[in-house]
Amino acid sequence: MSERSTSRPGGDGGPPPTGGLRPTSVAPSAVATIATAVSARLDLLGGATVDTTVTGATLRAQDVVAGDLFAALPGARVHGAQFAVDAVDAGATAVLTDPAGAALLQSSVPPGTSVAVLVHPDPRAVLGAVCARVYGDPSRRLRLIGITGTSGKTTTSYMLESALMAAGHTVGLIGTVETRIGGVRQPSSLTTPEAPALQALLATMVEQGVDTVVMEVSSHALALGRVRGARFAIGAFTNLSQDHLDFHPTMLDYFEAKSRLFVPVPSELTLPGSSEQAARAVVCVDDEWGTRLAGMVGDDAVTVSTQNSAAAWFAGPSELAADGSQTVSVRTPSGTDHTLRVPLPGRYNVANAVVALAVADAAGVGVDDATRGIADVRVPGRVELVERGQDFLAVVDYAHKPAALDAVIATLRGQGDGRLAVVVGAGGNRDVGKRPLMGAAAARGAHLVVVTDDNPRDEDPALIRAAVRAGADGVAADERPAGADDVVEIGDREKAIRHAITWARTGDIVLVAGKGHETGQEVAGVKTPFDDRLVVAQAIDDRPTHDEGGTA
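Residues numbered from 1 in each chain as written. Predicted model: local features only at pLDDT ≥ 70, side-chain atom pairs only at ≥ 80, totals over all residues. Heavy atoms only, no water.

With an unreviewed UniProt entry as reference, the chain is termed UDP-N-acetylmuramoyl-L-alanyl-D-glutamate--2,6-diaminopimelate ligase, source organism Williamsia deligens. A UniProt comment under Subcellular location (unreviewed entry) is attached to the chain, and it reads "Cytoplasm". (UniProt positions renumbered as here; feature names shortened; annotations may be inferred.)

Below, the structure written as structure tokens:
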């Protein structure tokens, strides 16, 4: 069978498809072979045969390319099989669905339509394995490293990418901020793409000479099977704190989703390609969840800590420089000490750096190369300084969870004796329980709290702000910093930022939290351009000159 050749998405100068990057050529796979591999029933409609081939896969009918397999999955409101006719009209040669979807498809396609239907009782469970087979099992042809945890995934990923590149590797990066191939930014959307897009992306990276991929792995991706079919050489765990409790009913459920990267789910072991368990595990044991996970993994876990000297990798005390960078001595499993420069403030960033160092070592990178790479890293929207010649510190950070906000506030309070202003909100259509906790975290650490809108999405912004403000107002005066101002509520995010910048005087710190690297704000389903870093910079440029500092 010959290979299909297609133009690489975006390669002709046009916009990439919403389905993501695809390799330029894919060896066709027979539907009978795929069906057998995942124990699916094969229904052949019209002129379809067991030799009908597929050369791609997608979950979205509008992204179908001729020769695709369309995954028609049952949804909470609509069954994907309702869009199967559109997918077949666009060139799909096969559909993966469940028995209900198969019945819906057979009753809706015009007579004589040729399409192979793979019927499985749980199509989502086998989608990853199907897509991996379609794209030639790309994770077998490179080293795939997954990083999970509540906070620190992005920072650790960038540090690890830099460490690997310092050792001469060609690296792919898949994460919250961006997707990169060999350091070049690519279009991306979800933190962890759905299985069809992920396997196509990995195949594209193989095609472009990537030898190692560093990938953020979210709890949603693990729970929904997006990374099934991906073979992880190394998995890393950073930490766990409250987040995503709109999706996970309990913290234990959240933890168990994360643990899928390290220990298999016994009930799913009979499903082909269902286990996401990494071959090797690196676990930070600075919190109780990491300690628990390391115990589940057992003696094969490589432990990392900034607190427990019994860990395999241990970071000693930090020496903080004026620019916020830190120097720390790291003890390796062999007992040797290495000096590590961490270009970001905060003890939690030391933990992130040592996790990156331990993973790089597990990937065969020398410690000297890895430390050199980590020292040079820059992470967008993570304790990112905005410098316009002002006499105070302005920082943008992605902290949108209570523990993350606590950590960055503690870090910045340790930078000097000046006052601290925090601009904070919470996202709509997300974990409502953390909203007052965000306000409380800000009030406990800041002299000025400005409650504002984050990404309200489809919710009433005023109700979100009220929940955040209630948390801030609930902090007793004796729990707030001496001389703290009242909590201020300003819904317009730009005006809120300007208020905090105007308030600042020499030696103060302004933290704008929650959105970090994001370049848009979503209100009532509409996303408009908004970059905290640009708004902060403009507010500083427009700031009135104060003889005695800012005013509240």
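(A) Quick look at the overall build of the chain. Within the chain one finds 16 helices and 28 strands. Relative to the globule expectation of 24 Å for 552 residues, the C-alpha radius of gyration of the chain, 25 Å, shows essentially globular dimensions. Principal-axis analysis of the C-alpha atoms gives the chain an extent of 80 × 55 × 45 Å. By residue count, 57% of the 552 residues in the chain fall in the buried class. Restricting the contact set of the chain to residue pairs at least 6 apart, pairs at least 24 apart contribute 67%. Element-wise, carbon and sulfur atoms account for 49% of the exposed surface of the chain, whose accessible area totals about 21500 Å². (Helix = DSSP H or I, 4+ residues; strand = E, 2+ residues; numbered from the N terminus. Rg over C-alpha atoms; globule rule 2.2 N^0.38 Å. Buried < 20%, exposed > 50% of the residue type's maximum accessible area, 1.4 Å probe, protein only. Contact = heavy atoms within 4.5 Å. Areas by Shrake-Rupley, 256 points an atom, 1.4 Å probe, with all protein chains shown as cover.)

(B) Region of the structure containing the packing of helix α13 (residues 434-445) against helix α14 (residues 461-473). Two elements in contact, α13 and α14, have axes whose closest approach is 6 Å; the angle formed by their N-to-C orientations is 45°. In terms of axis orientation, α13 runs oblique to α14. Handedness of the crossing formed by α13 with α14: right-handed. Here α13 contributes R435, P436, G439, A440 and A443 to the contact with α14, which in turn contributes I464, A467, V468, G471 and A472. Tallied by class, residues from the contact of α13 with α14 come to 7 nonpolar, 2 polar and 1 charged. (Axes fitted to C-alpha atoms, helices over the stretch in contact; angles between N-to-C directions. Parallel < 35°, antiparallel > 145°, perpendicular 65-115°, else oblique. Left-handed = near helix turned anticlockwise from the far one by under 90°. Nonpolar A, V, L, I, M, F, W, Y, C, P; charged D, E, K, R; others polar.)

(C) Fine view of the sheet that holds strand β9 (residues 115-119). Pairing in this open sheet of 5 strands is mixed, and the strands run β4-β9-β8-β7-β6 from one edge to the other. Two strands bound the open sheet, and with one partner strand each, they are β4 (41-45) and β6 (56-58). Ignoring strand direction, the axes of neighbouring strands in this sheet form an average angle of 20°. Its contacts with the sheet place helix α4 (residues 123-134) against β6, β7 (68-71) and β8 (94-97), and it is angled at close to 145° to β8. (Pairing = 2+ DSSP bridges.)

(D) Seen up close, the environment of G20. Structurally, G20 is set in the loop between β1 (4-5) and β2 (25-26). The class for G20 is partly exposed, based on a relative accessible area of 21%.

(E) Local environment of the sheet that holds strand β25 (residues 487-489). Taken together, 6 strands build an open sheet; the order of strands is β21-β22-β26-β23-β24-β25 and the sheet is mixed. The open sheet has two free edges, formed respectively by β21 (384-385) and β25, since each of these has just one partner strand. Across 5 bridges, the pairing between strand β22 (residues 393-397) and strand β26 (residues 509-513) is parallel. From the neighbouring strand, V396 faces β26, where its bridge partner is V512. Against the sheet, α14 makes contact with β23 (420-424), β24 (448-451) and β25, and its axis sits at roughly 175° relative to β25, the strand it touches most.

(F) Main features of the UniProt feature "domain: Mur ligase C-terminal" (unreviewed entry) in the chain. Listed under "domain: Mur ligase C-terminal" (unreviewed entry) in the UniProt record, and renumbered for this structure, are residues 381-516. Its end C-alpha atoms 4 Å apart, residues 381-516 is made of 35% helix and 18% strand.

(G) Broad picture of helix α5 (residues 153-166). With 14 residues, α5 extends 20 Å between its outermost C-alpha atoms, agreeing within 8% with the 20 Å of an ideal straight helix rising 1.5 Å per residue. For α5, a buried count of 12 out of 14 residues is recorded, marking the element as mostly surrounded by other parts of the structure. Of all the residues in α5, the buried ones are K153, T154, T155, T156, S157, Y158, M159, L160, E161, S162, A163 and L164. Directly beyond the C-terminal end of α5, a positive phi value near 95° is found at G168. (Expected span 1.5 Å × (residues − 1).)

(H) Just helix α9 (residues 288-297), in detail. The complete set of buried residues in α9 reads W289, G290, L293 and A294. Along the long axis of α9, the arc covered by the buried residues comes to 135°, so they all point the same way. Opposite its buried face, α9 presents the exposed residues E288 and G295, each directed more than 90 degrees away. Elements in contact with the buried residues of α9: β15 (234-237), α8 (251-259), β16 (280-284) and β17 (301-305). At the N-terminal end of α9, a side-chain oxygen is found 3.1 Å from the backbone nitrogen of W289, two or three residues along, and the residue is D287. (Arc of directions from axis to C-beta. Polar contact = N/O pair within 3.5 Å; in protein donor to acceptor, adjacent residues only side chain to side chain.)

(I) Spotlight on the packing of α8 against α9. Axis separation between α8 and α9 bottoms out at 11 Å; the angle between their running directions is 50°. Classified by the angle their axes make, α8 and α9 are oblique. Between α8 and α9 lies a crossing whose hand is right-handed. Contacts between α8 and α9 pair M251, L252, F255 and S259 from the former with W289, R292, L293 and M296 from the latter. For the contact of α8 with α9, the residue count by class is 6 nonpolar, 1 polar and 1 charged.

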